[in-house]
Amino acid sequence: MINIGVLALQGAVREHVKALEANDVNIVIVKKVDQLQELDGLVFPGGESTTMRRLINNYGFYEPLKEFAKRGKPIFGTCAGAILMANEIVGQADPHIAVMDMKVERNAFGRQRESFETTLNVKGIGDDVPGVFIRAPIIQAVGEAVDVLAEFEGEIVAAQQGPFLACSYHPELTDDNRMHQYFVDMVRHAVSANLA
Amino acid sequence: MVKQTGTDLVKRGMAEMQKGGVIMDVINAEQAKIAEEAGAVAVMALERVPSDIRAAGGVARMADPTIVEEVQNAVSIPVMAKCRIGHIVEARVLEAMGVDYIDESEVLTPADEVYHLYKRDYTVPFVCGARDIGEATRRIAEGASMIRTKGEPGTGNIVEAVRHMRMMQSQINEVVNMSVDEIMTYAKNTGSPFEVLLNIKENGKLPVVNFAAGGVATPSDAALMMQLGADGVFVGSGIFKSDNPEKFARAIVEATTHYEDYALIAKLSKDLGTAMKGIEISTLEQKDRMQERGW
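The structure presented is a predicted model; accordingly, all values stated were derived computationally and were not measured.

**Re the interface of chain B and chain A**
So, point 1. Contacts between the two partners involve 44 residues from chain B, matched on the other side by 38 residues from chain A.
So, point 2. Of the roughly 3400 Å² buried between chain B and chain A on both sides combined, carbon and sulfur atoms contribute 53%.
So, point 3. Taken together, the links from chain B to chain A amount to six salt bridges.
So, point 4. Our count for the contact surface shared by chain B and chain A stands at 22 residue pairs in polar contact (both at pLDDT 80 or more).
So, point 5. The residue makeup of the side of chain B that touches chain A, split by class, is 17 nonpolar, 15 polar and 12 charged.
So, point 6. Strand direction decides the pairing type here: strand S7 (residues 116-122) of chain A and strand S1 (residues 4-5) of chain B, joined by two bridges, are antiparallel. When the sheet's bridge partners are listed, Glu117 of chain A is paired in S1 of chain B with Gln4 of chain B.

**Things to note about the sheet that holds strand S6 (residues 126-130) of chain B**
Residues and elements named next belong to chain B.
So, point 1. Pairing within the open sheet is parallel, and its eight strands lie in the order S8-S7-S6-S5-S4-S3-S2-S9. A strand with exactly one partner marks an edge of an open sheet, and here the two such strands are strand S8 (209-211) and strand S9 (233-235). If you compare each strand with its neighbour and ignore which way they point, the axes differ by 30 degrees on average.
So, point 2. In the packing of helix H7 (residues 159-177) onto the sheet, the strands contacted are S6, strand S7 (146-149) and S8, and the crossing angle to S7 comes to about 130 degrees.

**Quick word on the packing of aromatic side chains**
So, point 1. As enumerated under the stated definition, the model contains 10 aromatic pairs over all chains in all.
So, point 2. Ring geometry for Phe76 of chain A versus Phe183 of chain A: centroids 5.4 Å apart, planes at 40 degrees, classification tilted. Of this pair, Phe76 of chain A sits in strand S4 (residues 75-78) while Phe183 of chain A sits in helix H5 (residues 178-195); the two residues are 107 residues apart in sequence, bridging distant segments of the chain.
So, point 3. Ring geometry for Phe109 of chain A against Phe116 of chain A: centres 5.1 Å apart, planes inclined by 75 degrees, an arrangement best described as edge-to-face. As far as burial versus exposure is concerned, Phe109 of chain A and Phe116 of chain A are alike and both buried.
So, point 4. The residue whose ring lies beneath Lys3 of chain B is Phe116 of chain A, and the NZ or CZ to ring-centre distance is 4.6 Å.
So, point 5. The cationic tip of Arg92 of chain B hangs over the ring face of Tyr122 of chain B; the distance from NZ or CZ to the ring centre is 3.9 Å.

**Considerations on the pattern of salt bridges**
Residue and element names in this part refer to chain B.
So, point 1. For the structure on display, the rule yields 27 salt bridges over all chains.
So, point 2. Ionic pairing is found between Lys150 and Glu135, a salt bridge with its closest N-O pair at 3.3 Å. With Lys150 in the loop between S7 and H7 and Glu135 in helix H6 (residues 133-142), this residue pair connects regions lying 15 residues apart in the sequence.
So, point 3. Judged by relative accessible area, which is 3%, Lys150 ranks as buried.
So, point 4. One salt-bridge network, in which partners are shared between bridges, spans Arg131, Glu135, Lys150, Arg289 and Glu292.

**Observations regarding empty space enclosed by the protein**
All names here are of chain B.
So, point 1. The full count for this structure, using the stated rule, is five cavities of 30 Å³ or more.
So, point 2. Estimates place the volume of the largest cavity at around 180 Å³.
So, point 3. Within the residue set of the lining of the largest cavity, elements represented by two or more residues are S9 and helix H11 (237-240).
So, point 4. Along the lines of polarity and charge, the residues of the lining of the largest cavity split into nine nonpolar, eight polar and six charged.
So, point 5. Taken as a whole, the second largest cavity holds about 130 Å³ of empty space.
So, point 6. Looking at the lining of the second largest cavity, its residues break down into eight nonpolar, three polar and three charged.

**Topic: the sheet that holds S1 of chain B**
So, point 1. Judged by pairing direction, the sheet is antiparallel, and its three strands sit side by side in the order S8(A)-S7(A)-S1(B) without closing on themselves. Every other strand in the sheet has two partners, leaving strand S8 (126-133) of chain A together with S1 of chain B as the edge strands with one partner each.
So, point 2. Along the sheet, H5 of chain A contacts S7 and S8 of chain A; its crossing angle with S8 of chain A, the most-contacted strand, is approximately 105 degrees.

**A word on the UniProt feature "binding site: L-glutamine" (unreviewed entry) in chain A**
So, point 1. What UniProt calls "binding site: L-glutamine" (unreviewed entry) maps, in this numbering, to Gly47, Glu48, Ser49, Arg106, Ile134 and Arg135 of chain A. What stands out for the annotated residues spanning 89 residues is how close their C-alpha atoms remain, the widest pair being 13.0 Å apart. If you take the residues mentioned a moment ago, the ones lining the second largest cavity come down to Gly47, Glu48, Ser49, Arg106, Ile134 and Arg135 of chain A.
So, point 2. With relative accessibility at 10%, the residue Gly47 of chain A sits in the buried group.
So, point 3. Setting aside anything within four residues of it in sequence, one finds Gly47 of chain A in contact with Gln10, Gly11, Met52 and Ala80 of chain A together with Met17 of chain B.
So, point 4. The topology assignment puts Glu48 of chain A in the loop between strand S3 (41-44) and helix H2 (49-58).
So, point 5. Using a relative accessible area of 7% as the deciding quantity, one classes Glu48 of chain A as buried.
So, point 6. Each residue touching Glu48 of chain A, except ones within four places of it in the same chain, is listed here: Gln10, Ala80, Arg106 and Arg135 of chain A together with Met17, Gln18, Val41, Ile77 and Pro78 of chain B.

Definitions and limits used
- Residues numbered from 1 in each chain as written.
- Chains lettered and ligands numbered in written order.
- Predicted model: local features only at pLDDT ≥ 70, side-chain atom pairs only at ≥ 80, totals over all residues.
- Heavy atoms only, no water.
- Contact = heavy atoms within 4.5 Å.
- Buried area = accessible area lost by both parts, 1.4 Å probe.
- Salt bridge = Lys/Arg side-chain N within 4 Å of Asp/Glu carboxyl O.
- Polar contact = N/O pair within 3.5 Å; in protein donor to acceptor, adjacent residues only side chain to side chain.
- Nonpolar A, V, L, I, M, F, W, Y, C, P; charged D, E, K, R; others polar.
- Pairing = 2+ DSSP bridges.
- Helix = DSSP H or I, 4+ residues; strand = E, 2+ residues; numbered from the N terminus.
- Axes fitted to C-alpha atoms, helices over the stretch in contact; angles between N-to-C directions.
- Phe/Tyr/Trp six-rings, centres within 6.5 Å; stacked < 30°, edge-to-face > 60°.
- Buried < 20%, exposed > 50% of the residue type's maximum accessible area, 1.4 Å probe, protein only.
- Lys NZ or Arg CZ within 6 Å of the ring centre and 35° of its normal.
- 1 Å grid on protein atoms, 1.4 Å probe; cavity = no way out; pocket = protein on both sides within 12 Å on 5 of 7 lines; lining within 4 Å.
- Points joined across faces, edges and corners; volume = space filled by probe spheres on them.
- UniProt positions renumbered as here; feature names shortened; annotations may be inferred.

Written as structure tokens, this is what we have:
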């Protein structure tokens, strides 16, 4: 069975675990760096990106996470998780883990009162994917190697670059597990490609 | 494509994102920045922290909008603010200002001694205090998207928050283990809305997150509340009434994340300077107990 971790420094960890459980995978709640060794894929949950980054630094996760990505191991980030993955953040001098060639803008739709639910057309998944946007970022621009998976009102809200998947909404808050299934397939693919 | 704001999922989801985090009381931009830098998941913008409200006496109201605005402009993490229990206009004013979460709080002097706000009417989500399952489920039925223990605010004494968290957890367990035909009588006896109790029985937990608040003064206090089942922690007077707020704030954030790593908590607790002085609960007169407010 493949091992998928959920980075559990802060945020909606339990919801990701629940969404992954439907997929016959072994789930690891990651609080310590040495747990990364056993993983085939990793989820960066929603939460507060500044808080997560601070804890990533405090617990020496920064280099090991970059290394994890460099080895081509799949990562899936939702909302704050997507911000951690971007190599450029509007209004901020430095990015976080910076594994995807994309520029994100934090809180792009406004404050909490502007948070909303909608239905999205996500490439490779379906035209009826629930999108829960909570103080959500948008992906302002992407590099050539990045595949845009979904847009809302003309803004990019989901993208993939090889083994890396990011979305600005929260599939983990809904009962629709298709985004997670898609990610699990990415992980299985990466594992079998590695064996071959 | 339809775009719906203010839905249960959006309001409760916002609180889910705060899990495992610390929400800190601040009274100006400088403190807000210290809190954000230390890793707070949100700040509560106030005119005075609870221990100063306690000391000042008189009527405690919603903060001056200038302070709320100052804090909103200083940080990118969510900003919460408190309104008085039942004060429809204070709540609407905070909503209009774009506050991310409103605390309908017993720390302020209640504006209505019979009714709480009907929180489903608002786009902004609300957090409310509770001491037991009756208070928690009534607030949830009114539309609260997040619950916190009341504890005894501004005392730096964790004993009441512990009492309330233990009470809620044991009552949740009672409901989970009940057969459905026992629930209506339990609803009657505890003043809990029946439908909310059924939801608790089905899911094994409250339908919204449950944070700890009211008396958290040290990293160990924060970790204690997490161990008792809190989803996260509010720290009011504890941080900016301590000798070294930066260090204190960071230590409380880390202790909340790693609440079972005792060696780490020992390290975090070293040379923190003096925590806030604190008040022994039995020396408080009945009229000074903020937890009695709310119905």
